Structures are given as structure tokens and as C-alpha cells.
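# Report on the structure
Next come the chains, spelled out residue by residue.
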Amino acid sequence: QDDVFKKVISHAKEYGFIFPSSEIYDGLSAVYDYGQNGAELKNNIKQYWWKAMVQLNENIVGIDSAILMHPTTWKASGHVDAFNDPLIDNKDSKKRFRADVLVEDYCAKIEDKENKEIEKAAKRFGESFDKAQFVATNPKILEYRAKREQILSRLAKSLENEDLADVKALIEELEIADPDTGSKNWTEVRQFNLMFGTKLGASADSAMDLYLRPETAQGIFVNFLNVQKTSRHRLPFGIAQIGKAFRNEIVARQFIFRMREFEQMEMQFFVAPGTELEFYEQWKQKRLNWHLALGLGNDNYRFHDHEKLAHYANAAADIEFNFPFGFKELEGIHSRTDFDLKAHEKHSGRKLQFFDPERNENYVPYVVETSVGLDRLFLSIFSHCLKDEVLEDGSERTVLSLPPALAPVKAAILPLMKKDGLAEYAENIFNDLKYDFNLFYEEKDAIGKRYRRQDAIGTPYCITIDHDSLTDHTVTIRDRDTMQQERVPVSELRRIIDEKTNF
Ligand code: ATP
């Protein structure tokens, strides 16, 4: 699995999808740049989401709010006081860790042991193995589960009560060591706020302390009435947004899975109080269906319902994806109650209410939100679609089998050779189709090599112009997935490409 992930990272770089940020200065930790193909793929994912959320729902509109917001926003949202991670340093290695992640990793190891016991039993009992019964009765499994539960509930309680001394005590009791060096020599646990600070204004005494937004949602909450009044939507209605968010993550690892600067695609759905759980269930299902429609395999997704809820939520679930490093959160669906709007009313002194003509009353709406990380979605698609294939003749190829609608390049226009007027003929085709599709033109190298390079960036079609094209006005069109080649009239190209690559 490690090898798969390494291949994903190196392929992303080699083919112009993702580069480490400021690489000539040895990079900046957990910050990445999207290259020419990455930017196209990312834009296509955004469009696919925007269409599904905004264009196809008559009661959802999209906005684009600023990254910098009035600092009181983050007081009201709870981020100034509660957006913290508990940190612990190892005195010997000088490495910094998230204390809760150390404990969770310890529990994950117990879970691995559980899974090994289950696997062993499944082998031993063969077809007659009843997993549910085994898990419910096997003393070893029960012991492991009880231990995990006990540790995790103590961790949750200590974090909730901000009893950081107890988090440290837990780490010591479990004899958790620095995973890299084995040292158990720790500092105290401290809270560390994840927001990036910055300043507005030049002079030292009048400058205002600001934060780079850690989520896009607050830009929607503070605009709730502006949008509601100008769009004239009644409840229930939604506001969607795609934009950057910033978090000073401590354990920033796993490539673009956890970044310090990333992009979110969020939608806040405003509903009447008391109806929120119904909409929450609806959005959970709708969002899962949206992911499934990408065609990456239904078994690669699952829900994880939260037991421990954030201070603002009365229900929450993640959609998890089977990344190369296991099932991890891809999208969150949260029933945020009226927490945010009420908090903004309190801090701003302005009413953020809706007059409901049916109920004949004013109230602060409840909110159901769907929040997906664009970069994580990119990673899920990219890592799943990257495949090494052995062909019938024994040769190998690397292919990125992206859903055609998301592919950075829709078709490559490839004259077999430059001379004899083939290049000019190919250029004419390029110029005719470029208004409708993102194309790639190339006349160098053997055609087989050119096909392989297009496979590696996920181009659904390669169009080859040869000498016959000049007289019969047909070209060869090669399908990325089947590698079948077909002779088609030039006049049919637009329809064929469109059929395959349209959303
Ligand atoms: P996690 O538990 O993985 O830190 P979270 O629960 O803090 O995520 P939310 O605050 O619910 O995440 O944010 C919504 C979505 O934004 C997540 O589902 C994820 O896809 C994305 N996201 C959050 N943090 C990051 C990050 N540091 N890098 C990339 N994407 C992120």
C-alpha cells in the first residue's frame, strides 16, 4: 500500500498534476501547487460539484465570499476558543505530536490485533464462519474492544474538560513512545490554535489582528440575509461556495490529504427548526449518491456516524473513502442547528432571522451543511484511477482512467508526422474543436509513445491524422480504456468527443 501511495505522488509530479510548493527552496511543508494537468482536473471537479449543487437545484445559489473576515466572526463561530489541538513535544527528539492522535494510533493498533484474530478465525472455520457471532462472543475480541472503548472515552472526556494533565497521564500509563525514536520523555500537553493569524493595516499600534479563514462556512452565515433577501428564496434553501481555507495543521502528512492551505466545497442548507434531521438524512444520501456516480466503486465509500459531536451539531456523519492508506474522511455532513446564526446575532447585534409566512413567525433558521475537501476529492479520484496494466502482448502501460468528464485533456490531436501537410491538416482540426474542448496537440515522437503519455494523464481520446486523412477526410480515434482504434469522418469528431466527455 505504501508503494501504491508513493507511485501516486511521483506520478502526480512527473505528469504535471501536483508539485511541492516552492520546490526550488526545498518546498514548504504540507503546501502544494497544482500543475497544468492538476489545475484542469481540479477545475473540472469543481464544475461537476457546482453543477450538481447549484445548477440542478433551483433552491440553491452559489456565492464567493472573502478569505479575510472581520475578526469577531471567529469569536462568534467558536474558532478562537475551541479550534485547538492538544500538542505534546518529545524532549529527546524535539518532535511535536498531537496528543490525541498518539492515543488514537495506539487504539488503532489494538484494532489491528482484533482484525487479525477475526481473519485467523475466518480461515480456521471456513464457510461456516459467523463473523457477527464471533465478534460478539470471543473473549479476546471482547477484551480488546473494552480496552479501546475505555481509552477513547477517557480521552474524549479529558479533552472535553480541557484536562490536559490527564491526557498526558493517559499517554504515560499506556507507555506510548515517540513512534520514530521510541523515547517516552514528554513535555506537558498544551492547546494550540489551528488558525493562521495575519494583520490588516500597516502601523504597529492600529493594525488589526485577522485570521485566514479555517472554513468557508462562516462567509455564508454572515451573508445569510443578504442572499436570502436578494435571491427572494424562502426556506428551505441553500447557499454553496468553493474556496480556500487555511489550517496550521500539526500532523500534516499524507500528501494532499491534510494540507495547510486547501480548498473546500461547502453548502449550507437553511431549514425551519424541527425539520433539520429530515434534511440531514436527505443530504447524507444525496451526497453519497453524488460520489457513487463518479463510478469509482460503491465498496470504496462508507458512512461514519459521529458519536462525539462538535459543540454546534446535533447530528454528524462523514463519508469515508478507501484511500491508498485506508478508509478516511472525505466529506462531512453536519446538522449545525441554529448555533452559528444565533452566535452571529449575539456578537453583531443584528437579527439574522427569516419571516416564515406559513408559520407566521420570525425565527433563526437551522442549518444542515455538506462540506467536502476539494483536494481530498482530487486525491480519491486520482489515486483510484491510476493503474498499471499488463497488455495482451505482455507489454505494460500506466493509465489514469479518470471519468472522461473530469479528464484534463479531452482529446489529443496527433499528426502521424509533421511533413506532407499532415501537421496543417491536424492544426485545422485543433482550431475547429478548441472552442468546445481542452485539447492537446503533439507532433513529436513515435505515435505509440505519444499514446502512452496521453494514457498517463487520462486523455479519453487520441485522434491520429495520417496520409489517407488528406483525401478521405477520416481520422483514427483511439479509446483510452479499450485501446480500440476506429476510423471516423472528421465531421463526426465533435459529436463523438462530446458524447463521451460531457457531464
Ligand atoms: P479531519 O478530521 O480530517 O481533520 P475535519 O473533520 O476537521 O477533518 P471539517 O472541518 O469537517 O474537517 O472540514 C470539511 C472537509 O474539509 C473535510 O471532510 C476534508 O475533506 C476537508 N479538510 C479539512 N481539513 C483539511 C486539510 N487540512 N487538508 C485538506 N482537506 C481538509
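Reading the values: rules and limits
- Residues numbered from 1 in each chain as written.
- Predicted model: local features only at pLDDT ≥ 70, side-chain atom pairs only at ≥ 80, totals over all residues.
- Heavy atoms only, no water.
- Domains from an automatic or database assignment.
- Near = heavy atom within 4 Å.
- Polar contact = N/O pair within 3.5 Å; in protein donor to acceptor, adjacent residues only side chain to side chain.
- Areas by Shrake-Rupley, 256 points an atom, 1.4 Å probe, with all protein chains shown as cover.
- Helix = DSSP H or I, 4+ residues; strand = E, 2+ residues; numbered from the N terminus.
- Nonpolar A, V, L, I, M, F, W, Y, C, P; charged D, E, K, R; others polar.
- 1 Å grid on protein atoms, 1.4 Å probe; cavity = no way out; pocket = protein on both sides within 12 Å on 5 of 7 lines; lining within 4 Å.
- Points joined across faces, edges and corners; volume = space filled by probe spheres on them.
- Core = buried A, V, L, I, M, F, W, Y, C linked by side-chain atoms within 4.5 Å.
- Buried < 20%, exposed > 50% of the residue type's maximum accessible area, 1.4 Å probe, protein only.
- Contact = heavy atoms within 4.5 Å.

### Some words on the domain arrangement of the protein
For the protein, the assigned domains are domain 1 (84–190) and domain 2 (409–501). For domain 1 and domain 2, the distance between their C-alpha centroids amounts to 55 Å.

### Points about the site of the ligand
As a matter of local geometry, the ligand sits amid 15 residues, with E249, R258, M259, E329 and L330 nearest to it. Take Q264: an N or O atom from its side chain is 3.3 Å from an oxygen atom of the ligand. The separation between an oxygen atom of the ligand and a polar side-chain atom of R376 is 3.0 Å. For the ligand, whose accessible area on its own is 590 Å², the fraction buried by protein is 82%. Looking at the shell around the ligand, the elements with two or more residues in it are β10 (261–271), β13 (326–337) and β16 (366–373). Here the shell around the ligand is built from residues that sort into four nonpolar, five polar and six charged.

### Quick word on the layout of surface pockets
Looking at the second largest pocket, its volume works out to about 320 Å³. Along the walls of the second largest pocket sit 13 residues, with V222, H344, S348, R350 and L352 positioned nearest its centre. Split by residue class, the lining of the second largest pocket holds four nonpolar, seven polar and two charged.

### Structural notes on the nonpolar core
Grouped together as the largest cluster of nonpolar side chains are 58 residues, with contacts concentrated most on F17, I45, W49, F378, L379 and I381. It is helix α13 (residues 374–385) that contributes the most residues to this core, seven residues altogether.

### With respect to the environment of T73
In this structure, T73 sits in helix α3 (residues 72–76). Judged by relative accessible area, which is 7%, T73 ranks as buried. The sequence separation of T73 and E263 amounts to 190 residues, and the corresponding C-alpha distance is 20 Å. Apart from the residues within four sequence positions on either side, T73 is in contact with Q218, V222 and H344.

### Observations concerning unusual backbone geometry
A negative phi holds for most residues other than glycine; trans holds for most peptide bonds. L235 connects to P236 through a cis peptide bond whose omega is -5°. Mapped onto the fold, P236 is located in the loop between α10 (224–231) and β9 (237–246). Positive phi, close to 45°, is recorded for S22, a residue that is not glycine. Non-glycine residue M483 carries a positive phi angle of around 60°. Note that M483 resides in the loop between β22 (474–479) and β23 (485–489). Classification of M483 as partly exposed rests on a relative accessible area of 26%.

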